[in-house]
Protein chains: 2
Amino acid sequence: MAQLEAQLLEMRKPQSTTTAVLIIGGAEDKVHGREILQTFFNRAGGQNAHIAIIPSASREPAIIGNRYMSIFEEMGAKQIELLDIRERQQCEDLNVQKCLETCTGVFWTGGDQLRLCGVLADTPAMETIRQRVQCNELTLAGTSAGAAVMGHYMIAGGGSGESPNRSLVDLGTGLGIIPELIVDQHFQNRNRMARLISAIACYPDRLGIGIDEDTCALIESDGTLQVMGKGTVTVIDPGEVTHTNYSEVTATEPLSLHNLRLHILGYGDRYHLYKRKVLSTSHLQK
Amino acid sequence: MAQLEAQLLEMRKPQSTTTAVLIIGGAEDKVHGREILQTFFNRAGGQNAHIAIIPSASREPAIIGNRYMSIFEEMGAKQIELLDIRERQQCEDLNVQKCLETCTGVFWTGGDQLRLCGVLADTPAMETIRQRVQCNELTLAGTSAGAAVMGHYMIAGGGSGESPNRSLVDLGTGLGIIPELIVDQHFQNRNRMARLISAIACYPDRLGIGIDEDTCALIESDGTLQVMGKGTVTVIDPGEVTHTNYSEVTATEPLSLHNLRLHILGYGDRYHLYKRKVLSTSHLQK
């Protein structure tokens, strides 16, 4: 069923073989329909894909990397490389560079987003990835920690169960693939609404995107976001905010924020990141 | 400090001795500044108040009822009655009726909102309370379960940690003091955003109000809501919603809901329930 849905989703899109950025909320289906991973595989070129897996966020990079290798092999990928980058200097390695200059798909696994940024930020490897994504030469996917790094600003950690407040979220600098976004993942599953709102209160010129588990915000090069998978993508748009007390409160006092726009996007829903509008929904038959 | 704030809040309001409805998110301060309970006491008439405590939601009505009695006694109330109503027929008792016809403040404690509704709904006692609140003869406060019953529709229970979906929230009929609202309480503390969104998807003609612990939405008779206490009041306004898949999905499939308006209201913020607008905020000095 999920496979059929993935096919329908692909059929709707004339550009189904073009590159995209897939921001995955973690815990994506790796066993059954594998809708999200299958879409990454297709967008990276299908059987002609050359996929680079970067498991640097993980504490067990070899294990998690090999798991994704097996999955993409089963799908029929002929060329897969595991770039087990653990130190920044590896990002200048010629073999790494060559791989990133020629591959058609890069996959960032989960783990700790600070570790992933620590290894990749401001390296030649990262610059190659960014430029090739911008030039639509490369499909990039990140799941969990690999999703968190997509914006210029990044949620590095935080809490839940409190009124939104400045100390509820730890913010850092991400890898800036889609700088406009602040991404949170495992979103409803880990009750992260208050921390994403707190992040947006800090950077109200950004757009907050919360992605549930086994759910993907697939972003086309024109800025169209489409939802795939089992859950929802929550959009918090502060574009019309009329008041915030952010600069007046202490770190633990509750934040006040008036006139946010909130969208709960379900399967097949489309949203334009730059127009900040939900696009007309011609929903898929499920 | 909290006491000073309560005084300032009162000073701003020319109508500080007029009746109001206080919707309290549970776990309100009962020991220190007691800002919220003090405001209820003041609005019920202060030392001239005649307060009726209805602990019917609780499994330990005598204990919880006596606790509130002591608090209001300490504040200087001379006339307090504990209406320990455990059966519906008690709502026709002449002494209960007489108390409710003459008192100046009614306080609903926490517990189970279904129990409170089961005992009070469609009784002469409830009709007296409703009419006297509407005629501005009575200040009514409800905390936790006592807050949940304020709308026509009521959240009776539910879950968290999931994408918004129909099965995430159990809905019932409340006591309809402010019918336009669907109230949730212990709101950010128990991560209830997804269940309130799910409730609003079901009844998009209502306004969703999520109240944090030790926080109060104080509602004047003209529909002005003002925030008091430690946390935030979250307003989910579906008035501009352009799309929902509510009628198309099964109970567990994720909901889709576009163009909600979301306000995080902090201390002193004011919102008009019927205009559905944040009012200009002349924030209190804290």
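Below or above, wherever it landed, is the structure these notes cover.

Procedures and definitions
Residues numbered from 1 in each chain as written. Chains lettered and ligands numbered in written order. Predicted model: local features only at pLDDT ≥ 70, side-chain atom pairs only at ≥ 80, totals over all residues. Heavy atoms only, no water. Salt bridge = Lys/Arg side-chain N within 4 Å of Asp/Glu carboxyl O. Buried < 20%, exposed > 50% of the residue type's maximum accessible area, 1.4 Å probe, protein only. Contact = heavy atoms within 4.5 Å. Buried area = accessible area lost by both parts, 1.4 Å probe. Polar contact = N/O pair within 3.5 Å; in protein donor to acceptor, adjacent residues only side chain to side chain. Helix = DSSP H or I, 4+ residues; strand = E, 2+ residues; numbered from the N terminus. Least-squares fit on C-alpha atoms with pLDDT ≥ 70 in both.

**A word on the pattern of salt bridges**
Part 1 of the reasoning: In this structure the tally under the stated criterion is 24 salt bridges over all chains.
Part 2 of the reasoning: With its nearest N and O atoms 2.8 Å apart, the salt bridge here joins arginine 86 of chain A to aspartate 84 of chain A.
Part 3 of the reasoning: Relative accessible area serves as the criterion here: at 48%, arginine 86 of chain A is assigned to the partly exposed category.
Part 4 of the reasoning: The closest approach of N and O atoms between glutamate 28 of chain B and lysine 30 of chain B, which form a salt bridge, is 3.4 Å.
Part 5 of the reasoning: When its relative accessible area of 3% is taken as the criterion, glutamate 28 of chain B is described as buried.

**Digging into the interface of chain A and chain B**
Part 1 of the reasoning: On the chain B side, the residues contacting the 36 residues of chain A number 36 residues.
Part 2 of the reasoning: Summed over both sides, the interface of chain A with chain B buries roughly 2,900 Å², with 52% coming from carbon and sulfur.
Part 3 of the reasoning: Between chain A and chain B we count 2 salt bridges in total.
Part 4 of the reasoning: Among the ionic pairs, arginine 261 of chain A bridges to glutamate 240 of chain B, the shortest N-O distance being 3.0 Å.
Part 5 of the reasoning: Counting across the interface, chain A meets chain B through 18 residue pairs in polar contact (both at pLDDT 80 or more).
Part 6 of the reasoning: Where the side of chain A that touches chain B is concerned, the elements lending two or more residues are helix H8 (193-202) and strand E14 (257-265) of chain A.
Part 7 of the reasoning: In terms of residue count, E14 of chain A provides more of the side of chain A that touches chain B than any other element does, 9 residues in total.

**Looking at unusual backbone geometry**
Outside of glycine, negative phi angles account for most residues, and trans bonds account for most peptide bonds.
Part 1 of the reasoning: For arginine 276 of chain A, which is not glycine, the phi torsion reads 55° and is therefore positive.
Part 2 of the reasoning: One non-glycine residue with positive phi stands out, namely serine 144 of chain B, at about 55°.
Part 3 of the reasoning: Mapped onto the elements of the fold, serine 144 of chain B is located in the loop between strand E5 (139-143) and helix H7 (145-148).

**Considering the relation of the copies chain A and chain B**
Part 1 of the reasoning: Once chain A is rotated about the relating axis by 180° and shifted along it by 0.0 Å, it coincides with chain B to within an RMSD of 0.0 Å. These values place the two chain copies in the arrangement generated by a two-fold rotation axis. Scanning chain A for the C-alpha nearest the rotation axis identifies arginine 261 of chain A, at a separation of 2.4 Å.
Part 2 of the reasoning: Both copies present the same face, since 100% of the interface residues in chain A are matched by interface residues at the equivalent positions in chain B.

**A few points about the side chain of glutamine 113 of chain A**
Residues and elements named next belong to chain A.
Part 1 of the reasoning: Tracing the backbone through its elements, the reader meets glutamine 113 in helix H5 (residues 113-120).
Part 2 of the reasoning: Classification of glutamine 113 by relative accessible area gives buried; the value is 8%.
Part 3 of the reasoning: Reaching out from glutamine 113, the side chain makes a polar contact with the backbone oxygen of isoleucine 155 at a distance of 2.8 Å.
Part 4 of the reasoning: Not counting residues up to four positions away in its chain, the partners in contact with glutamine 113 are Ala145, Ala148, Val149, Met154, Ile155, Ala156 and Gln185.

Fair warning: the whole summary comes from geometry, so function is off the table for now.
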